[in-house]
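Examination of the molecular architecture
Each chain, written out:
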Amino acid sequence: MNYKHLIVGAGITGSIIARCIAEKGERVLIIDSRDHIGGNCHSRFDAQTGVEVHSYGTHIFHTDERRVWDFLRRFTQFNSYRHKVVTTYEGRTYHMPVNLQTINSFFGISLKPYEVEGFIRKQSEKENITDPQNLEEKAISLIGRELYEAFVKGYTLKQWECDPKELPVEIITRLPFRHNYECDYFTCRYQGLPWDGYEKMFENMLDHELIDVQLNTDFFDIKGEAGEDCTVYYSGPIDKYFDYCHGELTWRSLRFEYDVEDVADFQGTSVMNYADIDVPYTRVHEYQHLHPERENKSGRTVVAREYSMKWQQGEEPYYPVNTQEDADRMELYRKEAAKLDKVHFLGRLGRYKYYDMDKAVLAALEFCDTALVQS
């Protein structure tokens, strides 16, 4: 293998690093074990309906980072989509995250925005939680037990397959809470989806004469072919790289069931959450709503039911569970990684860290700022 740079994984991290290396004037090989580029952001157009379907769950781009926005707009234009989530509980639908409409509809009242804080304080004070130690206690301290039981508990049990009392506080702090009727899920300055699709955006990013792409290629099948002068940028699971010598890190995985429904509009929104514990899936995606600028003339629509499950080898890892045991194990892997001069561990899998898309873009760009200057 006559390459100075080998990138493992053609998702966000790998594709950005490949582009930066090529623009520096050096040839690079990027490989992926899958049959497509784009990683978990990959999308395809359904042959029956023409709807762009996200292969690994809905991915909405949002950021406040101008550098991130400007970089990606070199390879795509974005539409004006603003993400709104609806949740179903006991046969009724509500806005999610919890906002004034959710509160008023759930309790059958008509609060004004300035009354919300006092109302929620009375709800949460019933439990007298002053120092929350887990997700459940933190959620109750923020929104009270009734809203927690309705919109958080069941969903969390399905998502993580464990008691919310066993999960860290940090998970719930990512969920917004509104005192008004604002129902946009994200409030970032820059939002949208690639106008021509994620696949096209990645194709444009990797369209450079110094970038060679090789799919259906397992890094561990060709690992020994990399020469001593080859630098490896590895965005796969760090524990797999070291053959799980310190044990497996814990992940949550997802399974999607795709269906073409013989109706023009199945649920009226791109993502519908299901908070009831007796509904086996966590949410339903309807992809045509992500691109309101496109006209679906087929009279049919594509939906995907999302199921959360425990990760096992051979399945796709999605969310790091990151227990204390995982943190201790990850520290051991960091020490192993520090012994390797020519291998960089990057991205969600390589660093065992949850990244929103924009944070993954920024991390890759900042890595290139320092590492490629030194190479």
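Thresholds, definitions, all that
- Residues numbered from 1 in each chain as written.
- Predicted model: local features only at pLDDT ≥ 70, side-chain atom pairs only at ≥ 80, totals over all residues.
- Heavy atoms only, no water.
- Helix = DSSP H or I, 4+ residues; strand = E, 2+ residues; numbered from the N terminus.
- Buried < 20%, exposed > 50% of the residue type's maximum accessible area, 1.4 Å probe, protein only.
- Contact = heavy atoms within 4.5 Å.
- Polar contact = N/O pair within 3.5 Å; in protein donor to acceptor, adjacent residues only side chain to side chain.
- Pairing = 2+ DSSP bridges.
- Axes fitted to C-alpha atoms, helices over the stretch in contact; angles between N-to-C directions.
- Domains from an automatic or database assignment.
- Arc of directions from axis to C-beta.
- Core = buried A, V, L, I, M, F, W, Y, C linked by side-chain atoms within 4.5 Å.

1. Details of the side chain of Thr269
Within the secondary structure layout, Thr269 lies in the loop between strand E11 (251-261) and strand E12 (271-274). For Thr269, a relative accessible area of 11% translates into the label buried. Not counting residues within four places of it along the chain, the set of residues in contact with Thr269 comprises Lys84, Val86, Glu286 and His289.

2. Structural notes on the environment of Glu306
Among the structural elements, Glu306 can be located in strand E14 (residues 301-310). Judged by its relative accessible area of 0%, Glu306 is buried. Glu306 sits 52 residues away from Leu254 along the chain, and the two C-alpha atoms are 6.8 Å apart. Residues within four places of Glu306 in sequence aside, it is in contact with Leu254, Arg255, Phe256, Tyr281, Thr282, Arg283 and His285. A polar contact is formed between the side chain of Glu306 and the side chain of Arg283, at a distance of 2.8 Å.

3. Description of the sheet that holds E11
Read from one edge to the other, the open sheet built from seven strands follows the order E7-E6-E12-E13-E14-E11-E15, with strand pairing classed as mixed. In the strand order of this sheet, the two ends are held by strand E7 (92-96) and strand E15 (319-320), each with one partner. Two elements, E11 and E15, share two bridges in a ladder whose sense is antiparallel. Note on E15: the bridge partner recorded for Trp251 is Pro320. Each of strand E6 (85-89) and E7 is contacted by helix H3 (residues 100-107), which is oriented at about 150° to E7, the strand it contacts most.

4. With respect to the pairing of E6
With respect to burial, E6 is a largely interior element, five of its five residues being buried. Neither face of E6 is left uncovered, since the one carrying Val85, Thr87 and Tyr89 and the one carrying Val86 and Thr88 both have all their residues buried. Judged from the five bridges that link them, E6 and E7 form a sheet pairing that is antiparallel. Directly across from Val85, in E7, lies its bridge partner Met96. Here E6 folds back onto E7, and the loop between the two strands holds two residues, one of which, Glu90, carries a positive phi near 50°. Relative to E12, E6 is paired through four bridges, and the arrangement is parallel. Within the sheet, the bridge partner assigned to Thr87 lies in E12 and is Asn273.

5. Quick look at the domain arrangement of the protein chain
Many authors give the size of an interface as the accessible area that is lost as the parts come together. For the protein chain, the assigned domains read domain 1 (5-44 + 62-77 + 196-248 + 321-372) and domain 2 (98-171). Distance between the C-alpha centres of domain 1 and domain 2: 37 Å.

6. Here's the deal with the environment of Tyr274
One can find Tyr274 in strand E12. Under the relative-accessibility criterion, Tyr274 is labelled buried at 17%. Remark: the alpha-carbon pair of Tyr274 and Phe151, spanning 123 residues in sequence, is separated by 8.6 Å. If we skip the residues at most four places from it in the chain, Tyr274 touches Thr87, Thr88, Tyr155, Lys158, Val279, Tyr281, Thr282, Arg283 and Val284.

7. Here's the deal with the side chain of Ser15
With respect to the helices and strands, Ser15 occurs in helix H1 (residues 12-23). For Ser15, a relative accessible area of 0% translates into the label buried. Of the polar contacts made by the side chain of Ser15, one reaches the backbone oxygen of Ala10; its length is 3.1 Å. With sequence-adjacent residues up to four places away left out, Ser15 is seen in contact with Gly9, Ala10, Ile30, Phe202, Met205 and Leu206.

8. Observations concerning helix H5 (residues 135-143)
All buried positions along H5 are accounted for by Leu135, Glu136, Ala139, Ile140 and Ile143. The buried residues of H5 occupy one face: seen down the axis, they fall within an arc of 125°. Elements in contact with the buried residues of H5: helix H4 (113-125), helix H6 (145-160) and helix H7 (170-173).

9. Some words on the pairing of strand E10 (residues 231-234)
The side-chain alternation of E10 yields two buried faces, one formed by Thr231 and Tyr233 and the other by Val232 and Tyr234. In this structure, strand E1 (residues 5-8) lies alongside E10, joined through four bridges in parallel fashion. Residue Ile7 lies in a different strand from E10, and its bridge partner there is Tyr233. In this sheet, strand E16 (residues 343-345) lies alongside E10 in parallel orientation, the contact comprising three bridges. Bridge pairing in E16 links Tyr233 to His344.

10. A word on the nonpolar core
Formed by 55 residues in total, the largest nonpolar core has its most connected members in Leu6, Ile103, Phe151, Phe219, Tyr234, Ile238 and Phe345. For this core, the leading source of residues is H6, giving six residues. Looking at which domains feed residues into this core, each of domain 1 (5-44 + 62-77 + 196-248 + 321-372) and domain 2 (98-171) supplies at least three. One finds Ile12, Phe61, Val302 and Ala364 within the second-largest nonpolar core, a separate group that totals 52 residues.

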